[in-house]
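# Reading the structure
Listed below are the residues making up each chain.
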Amino acid sequence: MKGNKPKLSPALMFVIKFLCLFAFIYGFYVLYLAMISPGGKLYSIFFDEHLNFINWLRYVLIESSAAILNILGYETKTNGYQMLVVGHNVVHVGYDCLGFGVMSFFTAFVIGYPGVLKPKLYFWGIGMIVIQLLNLSRFVTLSIYWRPTKNVYISDHHTIFNIIVYIVIAISLYFYTRYQDKVILQSPLSWVKNEN
């Protein structure tokens, strides 16, 4: 007679899946960063010059921020790493400013949570756009108004950005999980067929 093996609860399975996905996605980003950083042991000139999606994202963010500021009447100057708003601030866009940690968290959650594939794709795509729109609004705001203070920890704009984005993500994930749970309960057979 075979003994019954204890099954893991769905919640625990999700947590394990989420943590593994997050580690994989963010780990891939860190590895890729090592491959495009000159002077590193893993540096690849081919990846740096032809497949550097990290610098592409930085370029899009800097140029989009500059375009928004130009529309608002500000004069800007940009290079591959910085944006200057004449008479205001210089915004240096480092690797930690691109939102890859937040995007990795969001992607791992959406993929890891059980549900129907089509809503996952829509929700993930819209979520990525919203995260980067929030990032753009941060760059625009920083370039015009930011006055850093050393005495107040919360004045670190990375902290403020992360708090705002994680609040937006938490609210959206709440409604997303409720929607997916409702779909699964209403049509479990279609969920099984479409599950990612």
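Note that the coordinates shown come from a computational prediction; the quantities given were computed from them, not determined experimentally.

### So, the overall build of the protein chain
When its secondary structure is counted, the protein chain shows seven helices and three strands. Starting at the N terminus and walking to the C terminus, you meet the elements of the protein chain as α-α-α-β-β-β-α-α-α-α. In the protein chain, buried positions account for 36% of the 196 residues. Pairs at least 24 apart in sequence give 62% of the contacts found in the protein chain among residues at least 6 apart. Summed over its atoms, the accessible surface of the protein chain is roughly 12600 Å², and 70% of this surface lies on carbon and sulfur atoms.

### Overview of the pairing of strand β2 (residues 82-85)
Residues M83 and V85 line the buried face of β2, whereas the alternating positions Q82 and L84 sit on a face that is not buried. For strand β1 (residues 76-78) and β2, the ladder comprises three bridges, and the chain directions are antiparallel. Pairing of T78 across the sheet is with M83, part of β2. The hairpin turn running from β1 into β2, its antiparallel successor, is three residues long. In the sheet, β2 pairs with strand β3 (residues 90-92) via three bridges, with the strands oriented antiparallel. Residue pairing for β3: Q82 is matched across the bridge by H92. Connecting β2 to the antiparallel partner β3 that follows it, the hairpin turn spans four residues, and G87 within it adopts a positive phi of roughly 85°.

### A few points about helix α1 (residues 10-36)
Its 27 residues give α1 an end-to-end C-alpha distance of 39 Å, which sits within 8% of 39 Å, the value for a rise of 1.5 Å per residue. Within α1, the full set of buried residues consists of F14, F18, Y29, Y32, L33, M35 and I36.

### Points about the confidence of the model for the protein chain
Looking at the protein chain as a whole, its pLDDT mean stands at 87, while 87% of the residues score no less than 70. Taken together, the stretch residues 190-196 has pLDDT below 50 and engages in 13 contacts with residues farther than four places along the chain or on a different chain.

### Remarks on the side chain of R138
Residue position: R138 is located in helix α5 (residues 117-145). Note on R138: relative accessible area 8%, which makes it buried. With near-sequence residues (within four places) excluded, R138 lies in contact with C97, H157, H158 and F161.

### Some details on the sheet that holds β3
A sheet is described by the order of its strands in space; here three strands give the open sequence β1-β2-β3, paired in antiparallel fashion. Among the strands making up the open sheet, the edge pair consists of β1 and β3. Each neighbouring strand pair of the sheet contributes to a mean axis angle of 15°, computed without reference to strand direction.

### Details of a nonpolar patch on the surface
A cluster of nonpolar side chains, L8, L12, M13, V15, I16 and L19, forms an exposed patch at the surface whose accessible area comes to about 510 Å². Judged by its relative accessible area of 38%, I16 is partly exposed.

### Describing the packing of aromatic side chains
Considering all chains together, one arrives at 21 aromatic pairs under this definition. Ring plane angle 45° and centroid distance 5.6 Å describe the contact between Y26 and Y29, whose orientation is recorded as tilted. Of this pair, Y26 and Y29 both sit in helix α1, three residues apart, roughly one helical turn. Residue classification places Y26 among the partly exposed residues on the basis of a relative accessible area of 32%. Relative to F123, the ring of F106 has its centre 5.2 Å away and its plane inclined at 40°; by these criteria the two rings are tilted. With F106 in helix α4 (residues 100-112) and F123 in helix α5, this residue pair connects regions lying 17 residues apart in the sequence.

Cut-offs applied
- Residues numbered from 1 in each chain as written.
- Predicted model: local features only at pLDDT ≥ 70, side-chain atom pairs only at ≥ 80, totals over all residues.
- Heavy atoms only, no water.
- Helix = DSSP H or I, 4+ residues; strand = E, 2+ residues; numbered from the N terminus.
- Buried < 20%, exposed > 50% of the residue type's maximum accessible area, 1.4 Å probe, protein only.
- Contact = heavy atoms within 4.5 Å.
- Areas by Shrake-Rupley, 256 points an atom, 1.4 Å probe, with all protein chains shown as cover.
- Pairing = 2+ DSSP bridges.
- Expected span 1.5 Å × (residues − 1).
- pLDDT = per-residue confidence, 0-100.
- Axes fitted to C-alpha atoms, helices over the stretch in contact; angles between N-to-C directions.
- Patch = residues over 30% accessible without salt bridge, like charges linked within 9 Å, V, L, I, M, F, W, Y side chains within 5 Å.
- Salt bridge = Lys/Arg side-chain N within 4 Å of Asp/Glu carboxyl O.
- Phe/Tyr/Trp six-rings, centres within 6.5 Å; stacked < 30°, edge-to-face > 60°.

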